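Here is what each chain is made of, one letter per residue.
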Amino acid sequence: MFGKPSGYHALPQRDSVFQSNPGLYVSAENFIQYSHAGHSFDYIPKITENDFTDRSQGWMSWMCHRIVIFLVFLFTFITFPVSGWFVLKVVPNYERIVVFRLGRIRPPKGPGVVLVLPFIDLWQKVDLRTRAFNIPPCKVTTKDGGVISVGADIQFRIWNPVMSVVAVQDLNTSTRLTAQNAMTHNLIKKSLREIQMEKNRLGEKLGVEINDKTRPWGLEVDRVELTLESVLKPPDDSFSGPLIMPPSIPGLEGLSGPIQQLAMHFLGNGSSSETSHSKGDSVSMVNEKVPTTPLAEARLSADELLSAVELLLSEKLVSQVGACFQFHIALRDGTHKTYFLDLSKGAGRAGHGMPDQNPDVVFQMTEEDLLAMFEGTLRPFGAYTSGQLKLHGDLKTAMKLEEVIKVMRQQ
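Residues numbered from 1 in each chain as written. Predicted model: local features only at pLDDT ≥ 70, side-chain atom pairs only at ≥ 80, totals over all residues. Heavy atoms only, no water.

A count of helices and strands for the chain gives 14 helices and 15 strands. Evaluated residue by residue, the chain yields a buried proportion of 46% over its 411 residues. Restricting to contacts in the chain with at least 6 residues of sequence separation, those with at least 24 account for 67%. Surface exposure of the chain reaches about 21,900 Å², of which carbon and sulfur atoms provide 56%. (Helix = DSSP H or I, 4+ residues; strand = E, 2+ residues; numbered from the N terminus. Buried < 20%, exposed > 50% of the residue type's maximum accessible area, 1.4 Å probe, protein only. Contact = heavy atoms within 4.5 Å. Areas by Shrake-Rupley, 256 points an atom, 1.4 Å probe, with all protein chains shown as cover.)

Turning to the pairing of strand 11 (residues 323–330), a few remarks are in order. The buried fraction of strand 11 amounts to 6 of the 8 residues, a majority that puts the element mostly inside the structure. Where strand 11 and strand 12 (residues 336–343) come together, 8 bridges link them in antiparallel fashion. Its bridge partner being in strand 12, histidine 328 is matched across the sheet by threonine 338. In sequence, strand 11 turns back onto strand 12 through a hairpin of 5 residues, with glycine 334 there showing a positive phi of about 95°. Pairing of strand 11 with strand 14 (residues 361–366), which is carried by 6 bridges, proceeds in the parallel orientation. For alanine 330, the partnering residue across the bridge sits in strand 14 and is threonine 366. (Pairing = 2+ DSSP bridges.)

The next subject is unusual backbone geometry. Residue proline 81 follows phenylalanine 80 across a cis peptide bond; omega there is 10°. When you line up the elements, proline 81 lands in the loop between helix 1 (59–78) and helix 2 (84–87). Each neighbour pair has its own omega, and for glycine 110 with proline 111 the value is 0°, a cis peptide bond. In this fold, proline 111 is placed in the loop between strand 5 (104–105) and strand 6 (112–115). Its identity is not glycine, yet leucine 102 carries a phi of approximately 50°, on the positive side. Considering the arrangement of structural elements, one finds leucine 102 in the loop between strand 4 (95–101) and strand 5. Residues other than glycine seldom take positive phi values, yet phenylalanine 119 does so here, at roughly 75°. Relative to the assigned elements, phenylalanine 119 resides in the loop between strand 6 and strand 7 (121–127).

This part takes up the packing of aromatic side chains. Throughout the structure, instances matching the rule amount to 4 aromatic pairs. Here phenylalanine 75 and phenylalanine 119 contribute two aromatic rings whose centre-to-centre distance is 5.9 Å and whose plane-to-plane angle is 50°, an arrangement assigned as tilted. Pair noted here: phenylalanine 75 is in helix 1 and phenylalanine 119 is in the loop between strand 6 and strand 7, with a separation of 44 residues, a long-range link. Residue phenylalanine 75 is classed as partly exposed on the basis of its relative accessible area of 42%. Through pairs of rings, three or more aromatic residues link up here, namely Phe325, Phe327 and Phe363. Between the NZ or CZ atom of arginine 129 and the centre of the ring of tyrosine 94, over which it lies, the distance is 3.8 Å. (Phe/Tyr/Trp six-rings, centres within 6.5 Å; stacked < 30°, edge-to-face > 60°. Lys NZ or Arg CZ within 6 Å of the ring centre and 35° of its normal.)

As structure tokens, this is what we get:
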């Protein structure tokens, strides 16, 4: 219980490569250690060989060390069982105790009942269970000029309790900063399309890069999942074509390329469509068509459409949508106008200019496309995937606009 080797091997840093048993949770086949000579871990005596004997002491220091330990052991024995309430600690299977005896590191103790000497032992519990934290959404400028709000969910665990205490002062903060810097550094090298289509692969690559920096701290990252919150600014037209969001259907997130586009087309809308082909050799996303209504025969203006929508607002529609929309519309004469449709409270409101509150979704489109959506000849999701509709905000909330379109078409 007191002198038994713990089975932990610390992971030092850098340079020469050799195989070793890494610890409790790390696979020996996939684990590489680095020599740390001359670096900050030299104060740990032969930690890579699971040897905690400190041979840097002089004989006088060693003698004083032994005498003090003997006296404390004797005092504990004489005052037992009273001292037992203070020196015996119960350690569960998922924890270890890291002990500094007279300031010098000892092998980790546990699980079970362990002895911690009074006065001369400074100890700290380390939890070996898997933990998780999230990187809050932050703005990242992609390679093609787009601006996105992206975060990440990260799961990690400690495989070496000694290094997690000795190598870094604040393990949680250091890990968060390392993960956030690695995520930003990787994403600025990718285009928006690559981030959307290869989100899972980028998460795996990011996990490997974070592991390279955190394993010397006794910490191993198990899983990294990127979360793309919203597209704040679309990429420059010179770099990429229309944006394609990954399908929101569970189980299809890993698809890429043409397969993903087909999944969005057939499963994203659940209705028949007609394919529209562009000129030349390029291929564009389909605009989903439905039978036209009498409203399509009389082409309204954006102002007339706003007046018609305002007459249809009701508390029932507000309960179905529960969101505030803002529209930046490019009119036929080349000018731009801003409209809002507030369906978040009361019976709803619609009008020109900015809403009273921050909008949940901001749409940007031409007047022709806006009228086509409300006439039923162009679906919002089809307009978005084909690049005719650009939005800032949550895509799921944006698609609630179809509830307003349904009410409009029923009139």
